[in-house]
Amino acid sequence: MCGRFALTLPHDAMAQLFDAVPSNALPDIPNFNICPTNLVHAVHVLEGQRRLVAMRWGFLPHWYKAENGGPLLINARAETLAEKPAFKAACRERRCLIPATGFYEWTKDEAGNRLPWYIYPADAELLVFAGVWQDWERDGVAHRTCAIVTTAANDRMSSIHHRQPVTLRPEDWALWLGEAGHGAATLMHAAHQDAMDFYRVDPMVNSNRAAGAELIDPINA
């Protein structure tokens, strides 16, 4: 599962990191509370060139007659990605990279209160999620949309949630983007146990309207 994340790396730094041509219309940075249906940064390949662009987070299959014409598909399960009608074509032809400084997951206490955790890379400045994308248009409304690929959590992450996003190392990016031939399916597994760290953060991030760097400040749990 991945339902909220943060991104703080400047546009020019991301373009350089991914060796990608940046779009002129990218979402504002920093953003410490990126939510479903927001525009997110994504890297995909068009005409042989990596492009850093904005995509709507929430994959819209071509048969949706409206933006709310079916379930909100923010995540795509790695185990069924190649089979699900919504994703199987994108899995083969339209894969992307979605950068994040970190992401949030929630546990519950005995009273049922939602307790947020911030999860971040242990030895890098950025997490790069595996994604799939789809263009969608109806009645003059057009979106380039995406979903984050998830897989079963590793043992350490499973203490917070049973799913985690598929994250890609720099040496994997070309294969996921289709630049290095076939075999992207081999990348759809959980990162190693020590790839990410996490800590509790304030429940103010439970609101999708919350903003500011204090959202990722650690609190005493």
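Residues numbered from 1 in each chain as written. Predicted model: local features only at pLDDT ≥ 70, side-chain atom pairs only at ≥ 80, totals over all residues. Heavy atoms only, no water.

Caption draft 1: Summary view of the nonpolar core. Counting 63 residues, the largest nonpolar core has F5 and W176 as the members making the most contacts within it. Residue contacts for W176: discarding those within four places in its chain leaves L81, R95, C96, L97, A130, G131, V149, L168, A184, L187 and M188. Counting residues in each nonpolar core, the second largest holds 10 residues, with Y104, W106, Y118 and V205 among its members. (Core = buried A, V, L, I, M, F, W, Y, C linked by side-chain atoms within 4.5 Å. Buried < 20%, exposed > 50% of the residue type's maximum accessible area, 1.4 Å probe, protein only. Contact = heavy atoms within 4.5 Å.)

Caption draft 2: Quick look at the pairing of strand β5 (residues 49–57). Bridge count for strand β2 (residues 21–22) against β5 is 2 bridges, and the pairing is parallel. Note on β5: the bridge partner recorded for P22 is L52. Direction of pairing for strand β4 (residues 39–46) relative to β5: antiparallel, over a ladder of 8 bridges. When the bridges of β5 are listed, V40 appears paired with M55. Two successive antiparallel strands, β4 and β5, enclose a turn made up of 2 residues, where E47 displays a positive phi of approximately 50 degrees. Pairing geometry for β5 and strand β11 (residues 141–152), over 2 bridges, is parallel. Each residue of the ladder has a partner; that of W57, found in β11, is C146. (Pairing = 2+ DSSP bridges. Helix = DSSP H or I, 4+ residues; strand = E, 2+ residues; numbered from the N terminus.)

Caption draft 3: The arrangement of the environment of N75 in detail. Position of N75 among the secondary structure elements: in strand β6 (residues 75–77). Along the chain, N75 and W173 lie 98 residues apart, while their C-alpha atoms are 19 Å from each other. Polar side-chain contacts of N75 include one of 3.0 Å to the backbone nitrogen of C2. (Polar contact = N/O pair within 3.5 Å; in protein donor to acceptor, adjacent residues only side chain to side chain.)

Caption draft 4: Broad picture of unusual backbone geometry. Of note, the amide linkage connecting I29 to P30 takes the cis form, showing an omega dihedral of 0 degrees. Along the polypeptide, P30 turns up in the loop between β2 and β3 (31–34). Despite not being glycine, D19 has its phi angle at roughly 50 degrees, a positive value. Within the secondary structure, D19 is located in the loop between α1 (11–18) and β2. The exposure class of D19 is exposed, given its relative accessible area of 61%. In this structure, E47 takes a positive phi of about 50 degrees despite not being glycine. Locating E47 in the fold gives a position in the loop between β4 and β5.

Caption draft 5: Examining the sheet that holds β3 more closely. If you trace the 5 strands from one edge of the open sheet to the other, you get β3-β1-β8-β9-β13, paired in antiparallel fashion. Edge strands, defined here as strands with exactly one partner in the open sheet, are β3 and β13 (196–200). The average undirected angle you get between the axes of adjacent strands in this sheet is 30 degrees. Bridge count for strand β1 (residues 5–7) against β3 is 2 bridges, and the pairing is antiparallel. (Axes fitted to C-alpha atoms, helices over the stretch in contact; angles between N-to-C directions.)

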